[in-house]
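Fold and geometry: a report
So you can see what is in the structure, the chains are spelled out below.
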Amino acid sequence: MPSFKIDLSTAVVFVATAPEPKMANKRTGERAIDRETEAPLSTVGLLVSDEGEGNLYQVTVPETGVPSNLTPGTPVAVTGLKARDWENTFNGEKRHGISFRAVAVTPLGA
(Lines give C-alpha, C1' and ligand atoms only; values in the text may rest on other atoms or scores of the structure.)
Protein backbone atom coordinates (compact mmCIF):
# COMPACT_ATOMS: atom_id res chain seq x y z
CA MET A 1 0.00 0.00 0.00
CA PRO A 2 1.43 3.43 -0.89
CA SER A 3 2.47 5.92 1.74
CA PHE A 4 2.54 9.70 1.50
CA LYS A 5 5.11 12.15 2.87
CA ILE A 6 3.80 14.80 5.22
CA ASP A 7 5.44 18.23 4.96
CA LEU A 8 5.99 19.75 8.40
CA SER A 9 8.23 22.60 7.21
CA THR A 10 5.74 25.29 8.33
CA ALA A 11 4.32 23.40 11.33
CA VAL A 12 5.07 23.57 15.04
CA VAL A 13 5.15 20.11 16.65
CA PHE A 14 4.98 19.21 20.35
CA VAL A 15 4.91 15.92 22.21
CA ALA A 16 1.36 15.35 23.45
CA THR A 17 1.85 11.91 25.02
CA ALA A 18 5.11 10.26 26.03
CA PRO A 19 6.40 7.34 23.94
CA GLU A 20 5.00 3.91 24.80
CA PRO A 21 5.98 0.49 23.47
CA LYS A 22 3.85 -0.57 20.48
CA MET A 23 2.47 -4.04 21.01
CA ALA A 24 1.97 -6.64 18.28
CA ASN A 25 -0.10 -8.79 20.65
CA LYS A 26 -1.38 -7.27 23.89
CA ARG A 27 -2.45 -10.65 25.30
CA THR A 28 1.02 -12.19 25.01
CA GLY A 29 2.96 -8.95 25.53
CA GLU A 30 4.71 -9.39 22.17
CA ARG A 31 6.33 -6.13 21.06
CA ALA A 32 5.88 -4.82 17.51
CA ILE A 33 9.11 -4.85 15.50
CA ASP A 34 10.15 -2.75 12.48
CA ARG A 35 10.45 -5.13 9.52
CA GLU A 36 13.34 -3.22 7.94
CA THR A 37 15.56 -2.39 10.92
CA GLU A 38 14.29 -5.09 13.33
CA ALA A 39 14.12 -2.38 16.03
CA PRO A 40 11.26 -2.46 18.55
CA LEU A 41 8.56 0.13 17.79
CA SER A 42 7.13 2.84 20.01
CA THR A 43 4.11 5.11 19.65
CA VAL A 44 4.23 8.80 20.55
CA GLY A 45 1.38 11.32 20.49
CA LEU A 46 2.25 14.49 18.58
CA LEU A 47 0.36 17.76 18.43
CA VAL A 48 0.92 19.31 15.00
CA SER A 49 -0.09 22.96 14.64
CA ASP A 50 -0.07 24.55 11.20
CA GLU A 51 -2.02 27.37 9.54
CA GLY A 52 -4.15 27.98 12.64
CA GLU A 53 -5.21 24.35 13.03
CA GLY A 54 -3.96 21.77 15.52
CA ASN A 55 -4.21 17.98 15.18
CA LEU A 56 -3.19 15.11 17.40
CA TYR A 57 -1.48 12.16 15.70
CA GLN A 58 -0.37 8.84 17.16
CA VAL A 59 2.93 8.21 15.35
CA THR A 60 4.84 4.92 15.25
CA VAL A 61 8.63 5.33 15.46
CA PRO A 62 11.46 2.79 15.76
CA GLU A 63 12.79 2.83 19.33
CA THR A 64 16.18 3.93 17.93
CA GLY A 65 14.54 7.19 16.76
CA VAL A 66 12.92 8.06 20.09
CA PRO A 67 15.13 9.58 22.81
CA SER A 68 14.27 8.74 26.41
CA ASN A 69 13.77 12.41 27.39
CA LEU A 70 10.61 13.02 25.32
CA THR A 71 7.95 14.37 27.65
CA PRO A 72 4.61 16.07 26.98
CA GLY A 73 5.05 19.69 25.95
CA THR A 74 8.51 19.19 24.41
CA PRO A 75 8.86 20.92 21.01
CA VAL A 76 10.23 18.41 18.49
CA ALA A 77 11.43 17.91 14.95
CA VAL A 78 9.97 14.92 13.12
CA THR A 79 12.06 13.13 10.51
CA GLY A 80 10.43 11.24 7.65
CA LEU A 81 6.76 11.47 8.64
CA LYS A 82 4.51 9.45 6.33
CA ALA A 83 0.82 8.55 6.29
CA ARG A 84 -0.69 5.33 4.98
CA ASP A 85 -4.30 4.22 4.81
CA TRP A 86 -5.25 0.80 6.12
CA GLU A 87 -8.22 -1.52 6.19
CA ASN A 88 -8.86 -4.84 7.93
CA THR A 89 -11.64 -7.07 9.15
CA PHE A 90 -11.83 -7.95 12.84
CA ASN A 91 -14.60 -10.21 14.16
CA GLY A 92 -16.51 -9.72 10.91
CA GLU A 93 -16.38 -5.94 11.18
CA LYS A 94 -14.51 -3.89 8.57
CA ARG A 95 -12.31 -1.18 10.01
CA HIS A 96 -10.19 1.46 8.27
CA GLY A 97 -8.08 4.47 9.06
CA ILE A 98 -4.78 6.22 8.52
CA SER A 99 -1.55 5.25 10.26
CA PHE A 100 1.42 7.56 10.75
CA ARG A 101 5.07 6.53 10.76
CA ALA A 102 8.28 8.51 11.29
CA VAL A 103 11.98 7.69 11.25
CA ALA A 104 12.73 9.82 14.33
CA VAL A 105 11.31 12.37 16.76
CA THR A 106 14.00 14.68 18.16
CA PRO A 107 13.71 17.44 20.79
CA LEU A 108 14.45 20.86 19.29
CA GLY A 109 17.78 22.23 20.35
CA ALA A 110 19.19 18.70 20.91
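The backbone of Glu51 shows a phi angle near 55°, a positive value even though the residue is not glycine. One non-glycine residue with positive phi stands out, namely Asn91, at about 55°. Secondary-structure assignment places Asn91 in the loop between β8 (82-90) and β9 (93-101). Residue Asn91 is classed as exposed on the basis of its relative accessible area, which comes to 71%.

As a further point, take the pairing of β8. Alignment of strand β1 (residues 4-5) against β8, held across 2 bridges, turns out to be antiparallel. Residue Lys5 lies in a different strand from β8, and its bridge partner there is Lys82. Pairing geometry for β8 and β9, over 9 bridges, is antiparallel. Within β9, the residue paired with Phe90 across the bridge is Glu93. Connecting β8 to the antiparallel partner β9 that follows it, the hairpin turn spans 2 residues, and Asn91 within it adopts a positive phi of roughly 55°.

Bringing the packing of aromatic side chains into the picture now. A complete count under the given rule lists 1 aromatic pair for this structure. Between Tyr57 and Phe100, the ring centres sit 4.5 Å apart and the planes meet at 55°, which makes this aromatic pair tilted. In this pair, Tyr57 sits in strand β6 (residues 53-62) while Phe100 sits in strand β9, placing the two residues 43 residues apart along the sequence. For Tyr57, a relative accessible area of 25% puts it in the partly exposed group.

Basis of the calculations
Every chain's residues receive numbers from 1 upward, in the order its sequence appears when written. Local features are withheld for residues below a pLDDT of 70 in this predicted model, meaning they are given only at 70 or higher, and side-chain atom pairs are given and counted only at 80 or more; totals for whole chains, interfaces and linings count all residues. Note that water and hydrogens are dropped before the side-chain values are worked out from all heavy atoms of the structure. Numbering of helices and strands runs from the N terminus, with a helix taken as a DSSP run of H or I at least four residues long and a strand as a DSSP run of E at least two residues long. Relative accessibility thresholds used throughout: buried, under 20% of the residue-type maximum; exposed, over 50%; partly exposed, between the two (1.4 Å probe, protein chains only). Note on pairing: two strands pair once DSSP finds at least 2 bridges between them. Ring pairs shown here join Phe, Tyr and Trp side chains whose ring centres sit within 6.5 Å, with only the six-membered ring taken for Trp; geometry is labelled stacked below 30 degrees between planes, edge-to-face above 60, and tilted in between.

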